[in-house]
Amino acid sequence: MRILVIGSGGREHALLHAMHGHELTVAPGNAGMSGLATVRSVDVASPEAIVALAHDVEAELVVIGPEVPLVAGAADALIEAGIPVFGPTQAAAQLEGSKAFAKDVMAAAGVLTASASRVEAAEDIEAALDEFGPRYVVKDDGLAGGKGVVVTEDRAEAKAHAEAVIASGNPVLFESFLEGPEVSLFCLVDGETVVPLLPAQDHKRAYDNDEGPNTGGMGAYAPLPWLPEDGVETIVDTIARPVAAEMVRRGTPYQGLLYVGAAWGPEGPAVVEFNARFGDPETQAVLSLLETPLAGVLLAVAQGRLAQVEPLQWRDGFAAMVVLAAEDYPQAAKTGGAVTGEALGDPAKVLHAGTALEDGQLVASGGRVLGTVGRGATLKEAVAEAYRVIEGIELPGSFYRTDIARPAIEGAISL
Ligand code: GLY
């Protein structure tokens with residue numbers, strides 16, 4: 001099958017690796033992907049450009065990785081052009097594109113989530129801070145590449161973030177803080193049919209012990225040894241399926257990947273956020289355990305046949321993923337440094353995100369440069385393997401967290 005993947009990060013590298021054997025094109029891609037796919041350029045924010053490229057490569061399936069093209073309406077344009085697409089329409093992608101919209105859907109679907117208030121004017125910020133904190137949870141209502149959320153005890157920091165969001169032209173959402181460990185559950189959704197992947201956990205803060213600023217994600221592991229046996233089923237039954245049904249009821253059915261970000265508190269799982277696409281870096285860990293060929297499953301979703309797909313098959317054991325970040329990520333990542341080391345060309349071990357080739361040398365071109373994947377019979381073995389690989393890679397000034405999955409390995413997570 002000829003498949004066009006849109007995106008350029010570690011998530012897209014993992015998607016390509018899981019679909020190897022097909023005729024793959026990726027756009028805009030990165031330097032690490034050329035062994036798996038033809039790398040083309042495209043403006044991901046332009047649905048017309050994506051359709052033109054899909055025609056040019058005669059794509060039989062387009063898989064959209066990031067949220068920007070989805071919210072811009074790329075899936076709608078591809079459907080209009082008669083090209084099968086994995087990814088929701090613009091209307092359905094509002095589950096990620098507008099947090100206020102997601103709250104409205106959850107209220108209608110009876111889904112547990114934080115209480116929230118949407119503020120559009122700077123003069124209303126103080127009242128919202130009085131109502132919701134501390135701890136303050138302040139979110140950009142629009143897309144912010146995973147960096148629009150500030151969770152802090154510090155009122156001045158919360159206020160500054162809220163003011164910055166409003167100054168950027170977006171409304172700001174204040175939320176009550178949800179207690180409990182977080183779960184990322186990726187669900188394939190096709191109308192009312194929901195098929196979950198393995199549950200994963202992301203590490204969003206930049207530094208060990210969950211310190212430092214929020215990032216796009218510094219590491220992940222899957223599955224979750226601390227989740228109750230019926231934990232995935234509970235999230236599907238209480239969150240994903242009611243939301244999918246509500247989207248159908250509204251006349252905007254969801255087709256693609258619904259990322260349920262939930263906190264498992266005293267009342268069970270409550271939604272922290274939805275994303276309209278695979279999460280990064282959890283995808284890199286989750287897909288490394290998938291045995292069922294991915295391309296056929298994504299095509300089935302695109303063609304409205306998910307209900308007929310055989311149950312997904314998974315490898316035994318665990319997977320872990322550790323992100324190598326450029327110096328000063330996420331504040332002002334320093335790019336341009338040479339990336340060298342073992343396994344850089346092996347997508348089973350290293351998934352590239354912000355890499356480019358300059359005069360034949362691999363260099364860092366983004367804040368999250370790459371991630372290493374380890375698998376093992378135990379979570380501890382999987383993590384050790386991911387660290388063994390990352391230790392063989394050099395990028396001056398770069399850093400990575402050294403505690404990915406540690407609380408889970410030490411049994412320190414309980415519900
Ligand atoms: N892992 C966070 C995200 O993909 O948004």
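Presented here is a report on the structure given in the accompanying data block.

The rules we used
- Residues numbered from 1 in each chain as written.
- Predicted model: local features only at pLDDT ≥ 70, side-chain atom pairs only at ≥ 80, totals over all residues.
- Heavy atoms only, no water.
- 1 Å grid on protein atoms, 1.4 Å probe; cavity = no way out; pocket = protein on both sides within 12 Å on 5 of 7 lines; lining within 4 Å.
- Points joined across faces, edges and corners; volume = space filled by probe spheres on them.
- Helix = DSSP H or I, 4+ residues; strand = E, 2+ residues; numbered from the N terminus.
- Nonpolar A, V, L, I, M, F, W, Y, C, P; charged D, E, K, R; others polar.
- Core = buried A, V, L, I, M, F, W, Y, C linked by side-chain atoms within 4.5 Å.
- Buried < 20%, exposed > 50% of the residue type's maximum accessible area, 1.4 Å probe, protein only.
- Contact = heavy atoms within 4.5 Å.
- Near = heavy atom within 4 Å.
- Polar contact = N/O pair within 3.5 Å; in protein donor to acceptor, adjacent residues only side chain to side chain.
- Axes fitted to C-alpha atoms, helices over the stretch in contact; angles between N-to-C directions.
- Parallel < 35°, antiparallel > 145°, perpendicular 65-115°, else oblique.
- Left-handed = near helix turned anticlockwise from the far one by under 90°.
- Pairing = 2+ DSSP bridges.

### Regarding the layout of surface pockets
At step 1: The space that makes up the second largest pocket amounts to roughly 410 Å³.
At step 2: Considering the residues around the second largest pocket, the lining is formed by 24 residues, among which His17, Ala18, Leu287, Ser288 and Arg315 are closest to the centre.
At step 3: Among the secondary structure elements, those contributing two or more residues to the lining of the second largest pocket are helix 1 (10–18), helix 10 (282–287), helix 11 (294–302) and strand 23 (368–376).
At step 4: A breakdown of the residues in the lining of the second largest pocket according to their chemical character gives 12 nonpolar, 7 polar and 5 charged.

### Observations regarding the nonpolar core
At step 1: Membership of the largest hydrophobic core comes to 75 residues, with the highest contact counts inside it found for Val62, Leu78, Leu95, Tyr221, Val243, Phe274 and Val339.
At step 2: Those residues in contact with Leu95, other than ones at most four positions away along the chain, are Phe101, Ala102, Val105, Val243, Met247, Tyr254, Leu258 and Phe274.
At step 3: Residues Val26, Val63, Leu294 and Val323 belong to the second largest nonpolar core, which totals 41 residues.

### A few points about the site of the ligand
At step 1: Residues in close proximity to the ligand include Asp202, Gly216, Tyr259, Asn275, Arg277, Gly279, Asp280 and Glu282, which together make up its full environment.
At step 2: In this structure, an oxygen atom belonging to the ligand sits 2.8 Å away from a side-chain N or O atom of Arg277.
At step 3: Of the residues assigned to the shell around the ligand, the class counts are 1 nonpolar, 3 polar and 4 charged.

### Re the packing of helix 7 (residues 125–132) against helix 8 (residues 155–167)
At step 1: Where helix 7 contacts helix 8, the axes come no closer than 11 Å and their chain directions differ by 135 degrees. On the basis of their axis angle, the class for helix 7 and helix 8 is oblique. Of the two elements, helix 7 crosses helix 8, and the hand of that crossing is right-handed. The segment helix 7 lies against helix 8, with Ile125, Glu126, Leu129 and Asp130 engaging Arg155, Ala158, Lys159, Ala162, Glu163 and Ile166.
At step 2: Of the residues assigned to the contact of helix 7 with helix 8, the class counts are 5 nonpolar, no polar and 5 charged.

### Some words on the packing of helix 6 (residues 99–109) against helix 9 (residues 231–249)
At step 1: One can describe the packing of helix 6 onto helix 9 by two numbers: an axis separation of 9 Å at closest approach and a directional angle of 100 degrees. In terms of their interaxial angle, helix 6 and helix 9 are classed as roughly perpendicular. In this structure, helix 6 uses Phe101, Val105, Ala108 and Ala109 to contact helix 9, whose residues at the interface are Pro242, Val243, Glu246 and Met247.
At step 2: Within the contact of helix 6 with helix 9, the residues separate by chemical class into 7 nonpolar, no polar and 1 charged.

### Considering empty space enclosed by the protein
At step 1: Scanning the entire structure with this criterion turns up 3 cavities of 30 Å³ or more.
At step 2: If you add up the space inside the largest cavity, you get close to 80 Å³.
At step 3: Around the largest cavity, the lining residues are Leu95, Lys99, Ala102, Lys103, Met106, Lys139, Leu173, Glu175, Val271, Val272, Glu273 and Phe274.
At step 4: Listed by contribution, the elements that provide at least two residues to the lining of the largest cavity are helix 6, strand 9 (172–175) and strand 17 (268–275).
At step 5: In terms of residue class, the lining of the largest cavity is made up of 7 nonpolar, no polar and 5 charged.
At step 6: By volume, the second largest cavity amounts to about 60 Å³.
At step 7: In this structure, the second largest cavity is lined by Gly10, Asp280, Gln284, Met321, Val323, Leu351, Ala353, Arg368, Leu370 and Gly371.
At step 8: Breaking the lining of the second largest cavity down by element, the ones donating at least two residues are strand 18 (318–325) and strand 23.
At step 9: If one sorts the elements of the lining of the second largest cavity by residue count, strand 23 sits on top with 3 residues.
At step 10: Classifying every residue of the lining of the second largest cavity by side-chain character gives 5 nonpolar, 3 polar and 2 charged.

### Some words on the sheet that holds strand 5 (residues 85–86)
At step 1: Strand order in this open sheet of 5 strands is 3-2-1-4-5, and the pairing throughout is parallel. What marks the edges here is a single partner per strand, and that holds for strand 3 (38–39) and strand 5.
At step 2: When strand 1 (residues 2–7) meets strand 4 (residues 61–64), the two strands line up parallel, connected through 4 bridges. Following the sheet pairing, Ile3 is matched in strand 4 by Leu61.
At step 3: Lying on the sheet, helix 11 is in contact with strand 1, strand 4 and strand 5; it crosses strand 4 at an angle near 95 degrees.

### So, helix 11
At step 1: In terms of residue burial, helix 11 counts as a mostly covered element, since 8 of its 9 residues are buried.
At step 2: Of the residues making up helix 11, those classed as buried are Leu294, Ala295, Val297, Leu298, Leu299, Ala300, Val301 and Ala302.

### What to know about the environment of Ala100
At step 1: Secondary-structure assignment places Ala100 in helix 6.
At step 2: In this structure, the C-alpha to C-alpha distance between Ala100 and Arg118, residues 18 residues apart in sequence, is 7.2 Å.

### Section: the sheet that holds strand 16 (residues 255–265)
At step 1: Taken together, 4 strands build an open sheet; the order of strands is 11-10-16-17 and the sheet is antiparallel. Edge strands, defined here as strands with exactly one partner in the open sheet, are strand 11 (193–196) and strand 17. Across the sheet, the mean angle separating the axes of adjacent strands is 35 degrees when strand polarity is ignored.
At step 2: Here 7 bridges tie strand 16 to strand 17, and the two strands are oriented antiparallel to one another. Directly across from Gly265, in strand 17, lies its bridge partner Gly268.
At step 3: Its contacts with the sheet put helix 9 on strand 10 (182–190), strand 11, strand 16 and strand 17, and the angle it makes with strand 16 is roughly 125 degrees.

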